[in-house]
Amino acid sequence: MDDAAIRLAEPRDAFAVAALTLQDDRECGAVVEPGFLDRHADAWLADRARVTFLAEASDGRPLGVVTAAVVTTLPSSRRPVSRWLHVSLLFVTADARGAGLGARLLGALQEWCVANGVSRVQLNAAPRARTLYERAGFAPPGDDRLEWRVERDRR
Ligand SMILES: CC(C)(COP(=O)(O)OP(=O)(O)OC[C@H]1O[C@@H](n2cnc3c(N)ncnc32)[C@H](O)[C@@H]1OP(=O)(O)O)[C@@H](O)C(=O)NCCC(=O)NCCS
């Protein structure tokens, strides 16, 4: 996989991104409904606040994807406008794993952040992927971050 390229996804990649997402869902045991590829491609194309990188083999086959929602704060008189990312998917096809593509996709996303004034990236790490994220510099957030979950509160 040394010759695989990492590049920013473009509108023409909508179905490649959808197909990789479908593979991830299937691997997790989900039943994929008919029309999923079209629905995902349409939603991805319509989402302007999103950044996506693809890993591609030299013959053009999609090998992996990382995609993240971009959140932009509103103007404030107390602090400059800032942007941060929530990674919703990092996936590499099973036959291409273990060769560093996941790390390269994450690295491309991190470089994009530096170049585009994005200050923070957050994600939910699957236990098996934790070492990958830690090597890339990810760490638990500070003690002040809290979250509220409907299912925890309204049982
Ligand atoms: C996570 C994933 C993208 C890594 O891709 P990759 O190209 O193999 O990554 P790299 O070669 O750069 O790094 C290997 C690291 O991936 C992680 N990893 C390996 N197999 C994995 C698996 N089946 N599931 C999740 N993470 C895995 C480990 O952290 C591994 O490092 P280690 O060998 O030191 O433990 C890929 O395994 C995958 O798509 N898994 C299924 C989807 C998933 O779990 N995504 C992450 C959700 S948070």
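It should be noted that the structure appears before, not after, this text.
Residues numbered from 1 in each chain as written. Predicted model: local features only at pLDDT ≥ 70, side-chain atom pairs only at ≥ 80, totals over all residues.

Comments concerning the overall build of the chain
Secondary structure summary: the chain contains five helices and five strands in total. In sequence order, the secondary structure elements of the chain are arranged as β-α-α-β-β-β-α-β-α-α. Taking 2.2 N^0.38 as the reference for a compact globule, 155 residues should give roughly 15 Å; the C-alpha atoms of the chain span a radius of gyration of 17 Å, in line with that estimate. On the principal axes, the C-alpha backbone points of the chain span a range of 50 × 40 × 30 Å. (Helix = DSSP H or I, 4+ residues; strand = E, 2+ residues; numbered from the N terminus. Rg over C-alpha atoms; globule rule 2.2 N^0.38 Å.)

Points about the environment of Asp3
Within the secondary structure layout, Asp3 lies in the segment before strand S1 (5–8). Between the C-alpha atoms of Asp3 and Asp59, which are 56 residues apart in sequence, the distance is 10.0 Å.

Structural notes on the pairing of strand S4 (residues 83–92)
Every regular strand shows the same layout, with side chains that alternate between the two sheet faces. Note that strand S3 (residues 62–72) and S4 share nine bridges and pair antiparallel. Note that in S4 the partner of Ala69 across the bridge is His86. Strand direction decides the pairing type here: S4 and strand S5 (residues 118–122), joined by four bridges, are parallel. Bridge pairing in S5 links Arg83 to Val118. (Pairing = 2+ DSSP bridges.)

With respect to the site of the ligand
In the vicinity of the ligand there are 17 residues, among which Arg97, Gly102, Ala103, Ala129 and Leu132 approach most closely. Contributing elements (two or more residues each) for the shell around the ligand: S4, helix H3 (101–115) and helix H4 (130–135). Class assignment of the residues belonging to the shell around the ligand gives a composition of ten nonpolar, four polar and three charged. (Near = placed C-beta within 6 Å. Nonpolar A, V, L, I, M, F, W, Y, C, P; charged D, E, K, R; others polar.)

Regarding the sheet that holds S4
Ordered in space as S1-S2-S3-S4-S5, the five strands form an open sheet in which the pairing is mixed. Only two strands of the sheet have a single partner each, and these edge strands are S1 and S5. Averaged over all pairs of adjacent strands, the angle between strand axes in this sheet comes to 25°, irrespective of strand direction. Running at roughly 100° to S3, helix H1 (residues 14–27) makes contact with strand S2 (50–56), S3 and S4 of the sheet. (Axes fitted to C-alpha atoms, helices over the stretch in contact; angles between N-to-C directions. Contact = placed C-beta atoms within 7 Å.)

Describing the nonpolar core
If you look at the biggest cluster of nonpolar residues, it comprises 22 residues, and the most contacted ones within it are Ala55, Val66 and Leu105. Where this core is concerned, the elements lending two or more residues are H1, S2, S3, S4 and H3. In terms of residue count, S4 provides more of this core than any other element does, five residues in total. (Core = buried A, V, L, I, M, F, W, Y, C linked by C-beta atoms within 7 Å. Buried ≥ 20, exposed ≤ 12 C-beta atoms within 10 Å, placed from the backbone.)

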